[in-house]
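Chain by chain, the residues:
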Amino acid sequence: MAKAVKNNVLRHLERCGVVHTPYSYDISDGNIDAVSVANKIGRNPEEVFKTLVTRSAGPKYYVFIIPGCCELDLKKAARAAGEKNIVMIKQKELLPLTGYIHGGCSPIGMKKQFPTFTDATAKNFETILFSAGRIGYQVEITLEELRKVLKFELVDITV
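None of the values given here were measured: they were computed from a predicted structure. (Residues numbered from 1 in each chain as written. Predicted model: local features only at pLDDT ≥ 70, side-chain atom pairs only at ≥ 80, totals over all residues. Heavy atoms only, no water.)

Visitor: Which residues make up the pattern of salt bridges, and what values do they have?
Guide: One pass over the structure, following the stated rule, counts 5 salt bridges. Taking the shortest distance from any N to any O, the salt bridge between R43 and E140 comes out at 2.8 Å. Separated by 97 residues along the polypeptide, R43 in the loop between α2 (34-40) and β2 (49-56) and E140 in strand β7 (residues 137-141) bring together distant segments of the chain. A salt bridge links D156 to K76, with the nearest nitrogen and oxygen atoms 3.1 Å apart. Of the two residues, D156 sits in the segment after β8 (153-155) while K76 sits in helix α3 (residues 74-81), which places them 80 residues apart along the sequence. The class of D156 is partly exposed, set by a relative accessible area of 48%. Via salt bridges that share partners, R43, E47 and E140 belong to a single interconnected network. (Salt bridge = Lys/Arg side-chain N within 4 Å of Asp/Glu carboxyl O. Helix = DSSP H or I, 4+ residues; strand = E, 2+ residues; numbered from the N terminus. Buried < 20%, exposed > 50% of the residue type's maximum accessible area, 1.4 Å probe, protein only.)

Next up, the structure:
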């Protein structure tokens, strides 16, 4: 497993003095879901998180960081966000809204910072991993270090 080359997410973390470990993995087989990524980098799938973007009827946008092996519970997510209901945004909306493509969406460095919620299971691990902003790249970080660059709430939001 090779170390990741620098990209905007990794540069931002370095600029802010955030302790992190970058990783890269082979994407030639087309398997980029979080469970496959966990297997490729030799990690527990429960500690490899995915970044999901939702919207309310308002529309207001919300970001949810959940274990890749789990599903977002939209009712729990709406309660956490203080909304009646929320829906996943369409894949075609992701790039213009966040600056990231599907499979490479990171909670760090979006075009605009949206209210962000991380599944409470993250506190069960010393570190979590999530996309470093490009397909084939992950970043490992403690929640304490992540709080230096991202405001988020820990909540129960998975099925």
